[in-house]
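# Secondary and tertiary structure notes
What follows is the residue order along each chain.
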Amino acid sequence: MALRSAIRSLYSTPAALLLGVSLAIVAPAGAPWVGWIGETFLSLLKVLILPLILVSVYASLASGTDVKRLGEKTLLYYLLTSSVAALLGTLLGFSLSRDLGAELLRLGQIAEGGTGFSLELFVANLVPSNLFTSMAEGNILHIVFIAIFSALASRYLAEGNRRFLLDGAVAVNDLLMQMLRVILRIAPAGIMALVYVSLAGMDWGSVFQLKTFAWAVGFAAVLHAGVFLPALYFARTGRSPLR
């Protein structure tokens, strides 16, 4: 049963993408009728994702996790997966760009006179002045900063108070995860509607000139998400990614 559910989830999203593209080509006039499905799906995700980041990061760090070790693992995972993604993109780009027209590879000039790196600006953008404003604006960096700061501060509370806050965060995290599972059940319909509406008014003559680019992106995504990440999970845990 678990394997069947995993396989269904694996293929439902690509199928939704293909269905959305097909409908946009065959029946673009029908896009406004299903646009509300995609907007509703997107809104539900937005309303959950920031609170979920806040409580999950807080619960993880406040529970006594070794922050240094967690940071090292997170950085290593980020560098490894990003490097492989960049390598795949570069190799596929060099391999497939030979078939593209010269006009598609002509890039514009980069504007000069940028502001460059500023430590003052970096700190100003890192530290929020209002938690609720940051959540309303969808500023993930602010949410992560608040979660880490509050989790580290909670370690100096009395044991009873720290445990009360941690149990509450874990309970809210479980609730949000359950809500997210429900929303993801309608993900194929939401993705199909979003793709359908986005592509319905597109000039397909220009799009088809980029078919090589589309194949490269799709192939790289399959290799990275369907081969490398499951292999990395199996190498780290010794368990099948489908379980």
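The rules behind these values
Residues numbered from 1 in each chain as written. Predicted model: local features only at pLDDT ≥ 70, side-chain atom pairs only at ≥ 80, totals over all residues. Heavy atoms only, no water. Phe/Tyr/Trp six-rings, centres within 6.5 Å; stacked < 30°, edge-to-face > 60°. Helix = DSSP H or I, 4+ residues; strand = E, 2+ residues; numbered from the N terminus. Buried < 20%, exposed > 50% of the residue type's maximum accessible area, 1.4 Å probe, protein only. Salt bridge = Lys/Arg side-chain N within 4 Å of Asp/Glu carboxyl O. Core = buried A, V, L, I, M, F, W, Y, C linked by side-chain atoms within 4.5 Å. Contact = heavy atoms within 4.5 Å. Expected span 1.5 Å × (residues − 1). pLDDT = per-residue confidence, 0-100.

## Some words on the packing of aromatic side chains
Under the defined criterion, the tally for this structure stands at one aromatic pair. Both rings, one in Phe 145 and one in Phe 149, keep their centres 6.2 Å apart while their planes meet at 20°; by these two values the pair is stacked. Highlighted residues: Phe 145 and Phe 149, both in helix H6 (residues 140-154), separated by four residues, approximately one helical turn. Of the residues examined, Phe 149 reaches a relative accessible area of 54% and is grouped as exposed.

## Description of the pattern of salt bridges
Summed over all chains, the structure comprises two salt bridges. For Asp 167, the salt bridge is made with Arg 163, and the minimal N-O distance between the two is 3.6 Å. Separated by four residues within a single helix, Asp 167 and Arg 163 lie in helix H7 (residues 159-185), roughly one turn from each other. On the basis of relative accessibility, which here comes to 37%, the residue Arg 163 falls in the partly exposed class.

## Re the nonpolar core
Ranked by size, the top nonpolar core spans 19 residues in total, and within it Phe 41, Leu 48, Leu 176, Ile 191 and Tyr 196 carry the most contacts. For this core, the secondary-structure elements that each account for two or more residues are helix H1 (2-26), helix H2 (31-62), H7 and helix H8 (187-199). The element that contributes the greatest number of residues to this core is H8, accounting for seven residues. Apart from residues lying up to four places away in sequence, Leu 176 is in contact with Leu 48, Pro 51, Leu 52 and Val 55. Counting residues in each nonpolar core, the second largest holds seven residues, with Tyr 58, Leu 61, Ala 151 and Ala 169 among its members.

## Looking at H8
An α-helical turn contains 3.6 residues, so a residue and the one three or four places further along point in the same direction. For H8, spanning 13 residues, the distance from its first C-alpha to its last is 18 Å, which sits close to the expected 18 Å at 1.5 Å a residue. Taken together, the buried positions of H8 are occupied by Ala 187, Gly 190, Ile 191, Met 192, Ala 193, Val 195, Tyr 196 and Leu 199.

## Points about the confidence of the model for the chain
Detailed reading of the predicted coordinates is not advisable wherever pLDDT is low. A residue-level look at the chain finds 79% of positions with pLDDT of 70 or above and a mean pLDDT of 79. Looking over the chain, one finds the lowest element-wise mean pLDDT in helix H9 (residues 204-207), namely 66, and the highest in H7, namely 91.

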